[in-house]
Amino acid sequence: MGEGGDVVGTSFWAEVGGRATFEGIVRRFYEGVRTDELLWPMYPEHDLEGAIQRLTMFLEQYWGGPGTYSEQRGHPRLRIRHQPFPVTPTARDAWLRHMRTAVDEADLSPMHESMLWDYLDRAAHALVNTAE
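Predicted model, so just to flag it, every value in this text is computed and none were measured. (Residues numbered from 1 in each chain as written. Predicted model: local features only at pLDDT ≥ 70, side-chain atom pairs only at ≥ 80, totals over all residues. Heavy atoms only, no water.)

Asks: Can you help me understand the packing of aromatic side chains in this one?
Replies: Ring pairs (aromatic) are described by centroid distance and by the angle formed between their planes. Per the stated rule, a full pass over the model turns up 11 aromatic pairs. With a centroid separation of 5.7 Å and an interplanar angle of 75°, the aromatic rings of Phe58 and Tyr69 are classed as edge-to-face. With Phe58 in helix α3 (residues 48-62) and Tyr69 in helix α4 (residues 68-73), this residue pair connects regions lying 11 residues apart in the sequence. We note that Phe58, like Tyr69, is buried. Between Trp63 and Tyr119, the ring centres sit 5.9 Å apart and the planes meet at 85°, which makes this aromatic pair edge-to-face. Here Trp63 is found in the loop between α3 and α4, whereas its partner Tyr119 is found in helix α7 (residues 110-126), with 56 residues between them in sequence. (Phe/Tyr/Trp six-rings, centres within 6.5 Å; stacked < 30°, edge-to-face > 60°. Helix = DSSP H or I, 4+ residues; strand = E, 2+ residues; numbered from the N terminus. Buried < 20%, exposed > 50% of the residue type's maximum accessible area, 1.4 Å probe, protein only.)

Asks: Sorry, what's going on with the nonpolar core here?
Replies: Nonpolar side chains in soluble globular proteins tend to be buried together. Grouped together as the largest cluster of nonpolar side chains are 35 residues, with contacts concentrated most on Tyr30 and Met99. Elements supplying a minimum of two residues to this core: α2 (19-33), α3, α6 (89-105) and α7. (Core = buried A, V, L, I, M, F, W, Y, C linked by side-chain atoms within 4.5 Å.)

Asks: Would you mind going over the packing of α2 against α3 with me for this structure?
Replies: Two elements in contact, α2 and α3, have axes whose closest approach is 9 Å; the angle formed by their N-to-C orientations is 135°. Put simply, α2 runs oblique to α3. Crossing handedness for the pair α2 and α3: right-handed. Residues Arg19, Phe22, Glu23, Val26, Arg27, Phe29 and Tyr30 of α2 form the contact with α3, whose participating residues are Leu48, Glu49, Ala51, Ile52, Gln53, Leu55, Thr56, Met57, Leu59 and Glu60. By residue class, the composition of the contact of α2 with α3 is 10 nonpolar, 2 polar and 5 charged. (Axes fitted to C-alpha atoms, helices over the stretch in contact; angles between N-to-C directions. Parallel < 35°, antiparallel > 145°, perpendicular 65-115°, else oblique. Left-handed = near helix turned anticlockwise from the far one by under 90°. Contact = heavy atoms within 4.5 Å. Nonpolar A, V, L, I, M, F, W, Y, C, P; charged D, E, K, R; others polar.)

Below is the structure:
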C-alpha cells in the first residue's frame, strides 16, 4: 500500500490480461491434450469444461487473480490431487509440450513468458509420481 492507502503495483495476473489470458492458455492447452493418446485418457472428457475452469481458476489464483479456486475447492494440494494418475516423465513431457504451445501462442512479453514457464516447468517436474 502506498501513501493514502493506494495499491502500489499490479499482479502478474492483471499485467498479462487477467482471466481472458489464462483461460485462453488453458483452452489452447486442452486442444492439444484432446489429441494426445497418452494424456487424454487421464482427463474427464465428460467434464472437460469443468477441467478447463478448474485449471484456469488455479492459475489465476496462483498469479494474483481472484481466489475462486480455494473458495470452491480448498487448498490446491497439487500432488495429492494428481496422485490417482500415473504422471510419468513421459506424461510430464507431453503435458509440457502442450502447455508450451499454449504459452507461446499467448504472445506474452518475454519477462512474463519466462516467469510463467519457469513455474509451469517446475510444477510439472514436481508432479511426477510414477517411473516409466
